[in-house]
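A closer look at the structure
Each chain is listed here by its residues.
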Amino acid sequence: MSANNSPQVRSPPMGWNTWNAYSWNVTELDVRNAADALVETGFRDAGYEYLVVDDCWMAEELADDGSFRNHPENFPAGIADLVDYVHDRGLKFGIYSSAGTETCAGHEASLGNEQRHAEQFAEWGVDYLKYDNCGDHRDRDAIDRYAAMGEALERVDRDIVYSICEWGNNEPWRWGRNVDGHLWRTTGDILAKWKRSEDDEFGLGVVDIIDEMDERDIAGYHGPNGWNDPDMLQVGNGPDSAQSQSEGFTVDQPFREAEQRTHFSFWCLFAAPLMAGNDLRELDETTREILLDEDAIAIDQDPLGIQGTRDETDGDREVWSKRLAGGECAVILLNRGDEPVDIETSVETVDLHLPDDVGSYAVTDVWSGEEWTTDGSLEATVDSHGVAFFRVGAA
Ligand code: GAL
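In every chain, residue numbers begin from 1 and rise along the written sequence. Local features in this predicted model are restricted to residues of pLDDT 70 or higher, and side-chain atom pairs are both shown and tallied only at a pLDDT of 80 or more, whereas totals for entire chains, interfaces and linings draw on every residue. Derived side-chain values reflect all non-hydrogen atoms in the structure, with water molecules and hydrogen atoms excluded from consideration.

Our focus in this paragraph is the site of the ligand. Any residue with a heavy atom lying within 4 Å of a molecule or strand is counted as near it. Close to the ligand lie Trp19, Asp54, Asp55, Tyr96, Cys104, Lys130, Asp132, Cys165, Trp167, Arg185, Asp189 and Met232, which account for all nearby residues. One nitrogen or oxygen atom from the side chain of Arg185 is found 3.2 Å from an oxygen atom belonging to the ligand. Note on areas: Shrake-Rupley with a 1.4 Å probe; residue coverage comes only from the protein chains shown. With the chains in place, 96% of the 310 Å² that the ligand exposes on its own is no longer accessible. As used in this structure description, the phrase polar contact means that two N or O atoms lie within 3.5 Å; if the pair is within protein, one of them must be able to donate a hydrogen and the other to accept it, and residues adjacent in sequence are counted only when both atoms belong to side chains.

Okay, here's the thing in structure tokens:
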């Protein structure tokens, strides 16, 4: 179980995944169109390099020798052909399976066939594997099941990023690196909504995940080659998205614009993997502007790779921050309430590692682009469910 042959994943992976927009009905044509769209819309050039095909690319049953077969109607040309198409557009290809007998959609998966499947992925030219937790586990514990695929990927002659999707059930941040994982889901499935409701059988809203990322106290496990993954981005999605429809959630109202900016700001503060899941056929200007914001992405991809944490709570007002390379700092002022509020903090409160005698600080507002200097106070009027998102450094 050494990481010697494993690829280096120095910054949080960025890409686009089929699940939220296409769910169970994804086809190879959808994937080709998504590859073209990622190039045309500027996503690839902004850093979204992995195109990950989630559940349902495979036939319902494995072949007699245990190998995967492509879904005969939805992926007739086969995966190798699709990988070539994606590679030809300057993107990397991600695939999906499960560390159980079946995927969540009930297609036969990889438990017991890890080596055969890793070899198929390598032959096809796959660059990334999302490995889920559905199906029967045959009484094997999570570490054992995820190590089996980690070892299989190590043995093949191809660099494949290993994304552990175990939903945080068995604290994968403690053992993910030891099974050669590069990122691991920390939490349950993200829904296209602000907050989960009692009726949801499973799944979490954006603000529920933000809370769990802090309450689980896992920032110490996070960094280059081993990333806590709070799940894919729902920016641009809502009640009509395929995932919202197919899994029977009560997603009854669209995100507000402020909520979507809050979602993206926090994923960047967390240095989370940025896997977009919006429908690229219907890309509106707000979604595009949020997901392609260079200043926000730079905070996500900061070389230190630190996961931001909560510094202060005062009713609906919260202050979060993380240290950045070069002695700078990213700060979020969050308003959980229903009315706009003024939020104020100071550079002493946030996690800023500047010399004490710096009397003046430069602040950049990520979303408005405004810049100013301050002697230490950081403040803004923040919309309901919104954030102010700052980069702060010595003036
Ligand atoms: C879930 C997983 C989702 C998606 C789905 C596919 O277990 O957390 O991200 O992959 O399965 O069926």
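This next bit is on empty space enclosed by the protein. The pocket and cavity definitions rest on a 1 Å grid over protein atoms only: a 1.4 Å probe that fits but cannot leave marks a cavity, an open set with protein on both sides within 12 Å along at least five of seven lines marks a pocket, and residues lining either have an atom within 4 Å of a point. Grid points are joined across faces, edges and corners, and a volume is the space filled by probe spheres set on the points. A complete count under the given rule lists two cavities of 30 Å³ or more for this structure. Taken together, Asn17, Val52, Tyr128, Lys130, Ser163, Cys165, Arg185, Asp229, Asp231, Met232 and Met275 form the lining of the largest cavity. Gly is put with the polar residues, along with every residue not named as nonpolar or charged; the nonpolar set is Ala, Val, Leu, Ile, Met, Phe, Trp, Tyr, Cys and Pro, and the charged set is Asp, Glu, Lys and Arg. For the lining of the largest cavity, the residue count by class is five nonpolar, two polar and four charged. Space inside the second largest cavity adds up to approximately 60 Å³. Around the second largest cavity, the lining is made up of twelve residues, and of these Ser6, Pro7, Leu153, Glu154 and Ile160 lie nearest the centre. The secondary structure listing takes helices from DSSP runs of H or I that are at least 4 residues long and strands from runs of E that are at least 2 residues long, numbered from the N terminus. Top element by residues in the lining of the second largest cavity is helix α6 (residues 142-155). It accounts for three residues. Split by residue class, the lining of the second largest cavity holds four nonpolar, four polar and four charged.

With that settled, the discussion passes to the state of the cysteines. The disulfide criterion used throughout: a pair of cysteine sulfur atoms within 2.5 Å. All chains considered together, the criterion is met by one disulfide. One disulfide bridge connects Cys104 with Cys134, the sulfur atoms lying 2.0 Å from each other. For the disulfide bridge between Cys104 and Cys134, the dihedral angle about the S-S bond is near 90°, and by the sign convention the bridge is right-handed. In this pair, Cys104 sits in the loop between β3 (92-98) and α5 (114-124) while Cys134 sits in the loop between β4 (128-132) and α6, placing the two residues 30 residues apart along the sequence. Between Cys56, a free cysteine, and Cys104, which holds the nearest cysteine sulfur, the sulfur-to-sulfur gap is 9.4 Å.

To continue, consider the packing of helix α2 (residues 28-40) against helix α4 (residues 79-88). Remark: α2 packs on α4, axes separated minimally by 9 Å, with the N-to-C direction vectors making an angle of 10°. What the angle tells us is that α2 and α4 run roughly parallel. Considering only the axes of α2 and α4, their crossing is right-handed. Listed contacts from α4 to Glu28, Val31, Arg32, Ala35 and Asp36 of α2 are Asp81, Leu82, Tyr85 and Val86. Its residues assigned to classes, the contact of α2 with α4 shows five nonpolar, no polar and four charged. Only the stretch in contact is used when a helix axis is fitted, and all axes are lines through C-alpha atoms; the angle between N-to-C directions ranges over 0 to 180 degrees. Reported orientations rely on four angle classes, namely roughly parallel under 35 degrees, roughly antiparallel over 145, roughly perpendicular from 65 to 115, and oblique for the rest. For a crossing to be left-handed, the near helix must be turned anticlockwise from the far one by less than a right angle; the clockwise case is right-handed. Two residues form a contact once any of their heavy atoms are found within 4.5 Å.

Bringing the packing of aromatic side chains into the picture now. Stacked, tilted and edge-to-face are the three classes assigned to paired rings of Phe, Tyr and Trp, where Trp is represented by its six-membered ring and a pair needs centres within 6.5 Å; plane angles under 30 degrees give stacked, over 60 edge-to-face, the rest tilted. Overall, the coordinates contain 16 aromatic pairs when judged by the stated rule. Here Trp372 and Phe390 contribute two aromatic rings whose centre-to-centre distance is 5.4 Å and whose plane-to-plane angle is 90°, an arrangement assigned as edge-to-face. Of the two residues, Trp372 sits in strand β14 (residues 371-374) while Phe390 sits in strand β16 (residues 387-394), which places them 18 residues apart along the sequence. Throughout, exposure labels follow a simple rule: accessible area from a 1.4 Å probe, protein chains only, divided by the maximum for the residue type, with under 20% read as buried, over 50% as exposed, and the rest as partly exposed. Accessibility expressed as a relative area gives 30% for Trp372, which makes it partly exposed. Under the relative-accessibility criterion, Phe390 is labelled buried at 1%. Here a set of aromatic residues connected by ring pairs shows up, and it is made of Trp57, Phe68, Phe121 and Trp124. Put simply, a charge is over a ring when the Lys NZ or the Arg CZ is close to the ring centre, within 6 Å, and near the line of the ring normal, within 35 degrees. In this arrangement the basic side chain of Arg32 is found over the ring face of Tyr85, its NZ or CZ atom lying 5.4 Å from the centre. Of note, Arg261 hangs over the ring of Trp367, and the distance from its end group to the ring centre comes to 5.1 Å.

Turning our eyes to something else, we now look at the packing of helix α8 (residues 206-215) against helix α10 (residues 257-269). α10 packs onto α8 with a crossing angle of 25° between their chain directions and a minimal axis gap of 10 Å. Here α8 is positioned roughly parallel relative to α10, judged by the angle of their axes. Crossing handedness for the pair α8 and α10: left-handed. On α10, the residues that touch Val206, Ile209 and Ile210 of α8 are Thr262, His263, Phe266 and Trp267. Here the contact of α8 with α10 is composed, by residue class, of five nonpolar, two polar and no charged.

Right, let's talk about the pattern of salt bridges for a bit. In what follows, salt bridge is the name for a side-chain nitrogen of Lys or Arg lying within 4 Å of a carboxyl oxygen of Asp or Glu. Counted by the stated rule, this structure contains 26 salt bridges. The salt bridge partner of Asp45 is Arg44, with a shortest N-O separation of 3.1 Å. Owing to a relative accessible area of 26%, Arg44 belongs among the partly exposed residues under this scheme. Among the salt bridges present, the one from Arg310 reaches Asp214, with a minimum N-O distance of 3.4 Å. Note that Arg310 is positioned in strand β9 (residues 309-314) and Asp214 in helix α8, a separation of 96 residues in sequence. Owing to a relative accessible area of 22%, Asp214 belongs among the partly exposed residues under this scheme. Within this structure, Asp211, Asp214, Glu215, Arg310, Glu318 and Arg336 form a network of salt bridges that share partners.

Structural measurements only, silent on function.
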